[in-house]
Amino acid sequence: MYVDTGGRDMVPFLEVLDGMVKRGVEVRLIHAKDPGSNWRDDFDRYPTLWTAMERMLCPRVHFKCIIVDGVKAYFGSANLTGAGMGAKSEKKRNFENGVLTDDPALVEPLVEQFDSVWRGAFCRDIRPRRRRRVARRV
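Residues numbered from 1 in each chain as written. Predicted model: local features only at pLDDT ≥ 70, side-chain atom pairs only at ≥ 80, totals over all residues. Heavy atoms only, no water.

**Thoughts on the overall build of the protein**
The criterion, for reference: Each helix is a run of DSSP H or I of at least 4 residues and each strand a run of E of at least 2, with the numbering of both proceeding from the N terminus. Buried, partly exposed and exposed residues are distinguished by accessible area as a fraction of the type maximum, computed with a 1.4 Å probe on protein chains only: under 20%, between the cut-offs, and over 50%, respectively. Contacts: residue pairs with any heavy atoms within 4.5 Å of one another. Under the convention used here, a 1.4 Å probe and the Shrake-Rupley method define accessible areas, while residue burial counts only the protein chains that appear.
Broken down by element type, the protein carries four helices and eight strands. In the protein, the succession of helices and strands from N to C terminus is β-β-α-β-α-α-β-β-β-β-α-β. For the protein, the residues scored as buried account for 30% of the 138 residues in total. Sequence-distant contacts in the protein: of pairs separated by 6 or more residues, those separated by 24 or more amount to 63%. When the accessible surface of the protein is totalled, it reaches about 9500 Å², and 51% of it is carbon and sulfur.

**Details of the sheet that holds strand β5 (residues 65–68)**
This is how the line gets drawn: Being paired, for any two strands, means DSSP has found at least two bridges between them. Here an angle of 0 to 180 degrees is reported between the N-to-C directions of two axes, which are lines fitted to C-alpha atoms, with helices fitted over the stretch in contact.
What the three strands build is an open sheet, ordered β5-β6-β7; its pairing is antiparallel. What marks the edges here is a single partner per strand, and that holds for β5 and β7 (98–101). Averaged over all neighbouring strand pairs, the angle between strand axes comes to 5°, with direction disregarded. As judged from the four bridges shared by strand β6 (residues 72–76) and β7, these two strands associate in the antiparallel manner. Bridged to phenylalanine 75 within β7 is valine 99.

**Side note on unusual backbone geometry**
Residue aspartate 69 is not a glycine yet carries a positive backbone phi of 55°. Inspection of the secondary structure puts aspartate 69 in the loop between β5 and β6.

**Comments concerning the packing of aromatic side chains**
Working definition: an aromatic ring pair is given by the centre-to-centre distance plus the angle between the planes. Selection rule: Any two of the Phe, Tyr and Trp rings considered here, Trp counted by its six-membered ring, make a pair once their centres fall within 6.5 Å; the pair's planes then place it as stacked at under 30 degrees, edge-to-face at over 60, or tilted in between. We call a charge positioned over a ring when the NZ of a Lys or the CZ of an Arg lies within 6 Å of the ring centre and within 35 degrees of the ring normal.
Tallied over the entire structure, the rule returns two aromatic pairs. Geometrically, the ring pair formed by tryptophan 39 and phenylalanine 43 is stacked, given 5.1 Å between the ring centres and 10° between the ring planes. Taken together, the residues tryptophan 39 and phenylalanine 43, both in helix α2 (residues 37–43) and four residues apart, mark about one turn of the helix. Residue classification places tryptophan 39 among the buried residues on the basis of a relative accessible area of 18%. Sitting over the face of the ring of phenylalanine 43, arginine 55 holds its NZ or CZ atom 4.7 Å from the ring centroid.

**Description of the pairing of β6**
The pairing of β5 with β6 spans four bridges and is antiparallel. Its bridge partner being in β6, isoleucine 66 is matched across the sheet by tyrosine 74. Hairpin connection between β5 and β6: a loop of three residues separates the two successive antiparallel strands, and aspartate 69 in this loop has a positive phi of roughly 55°.

**Examining helix α1 (residues 13–22)**
This is how the line gets drawn: The arc in question is the one spanned by the directions pointing from the helix axis to the C-beta atoms.
Residues of α1 that are buried include every one of Phe13, Leu14, Leu17, Asp18 and Val21, and no others. Angularly, the buried residues of α1 cover 140° about the axis, an arc narrow enough to put them on a single face. Contacts from the buried residues of α1 go to β1 (2–3), β2 (11–12), β3 (27–31), α2, α3 (47–52) and β4 (53–57). Taken from the residues just after α1, glycine 24 is the one with a positive phi, measuring 95°.

Laid out in structure tokens, this is it:
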């Protein structure tokens, strides 16, 4: 998946994350399933992410959110795919919506939801499918 950084042409989303972790930003990502081969091929191009970015699989996750420092958040319907992020052509893109906010009344519940899933808090009450941390490369 490629994103517009406001400067040059579209760049791989993983390139953006790679730059962030190199600046000391902590990045945690929850996948609902193993990413596809295109994502994995891109991931292999950024060895810093192999150890610096924490990832987990939880097949029950359907929410989409990005939380920055616990004070700003985006949440909405878009998946982190080209179609979901509007990078496809006008005839192939999805119709999505989302909210960008710094309102604590909206951000704090998102932080709690993400952290609860990350800690596995819901797993003991929900019939498990398969939740696991993604092994880090060395």
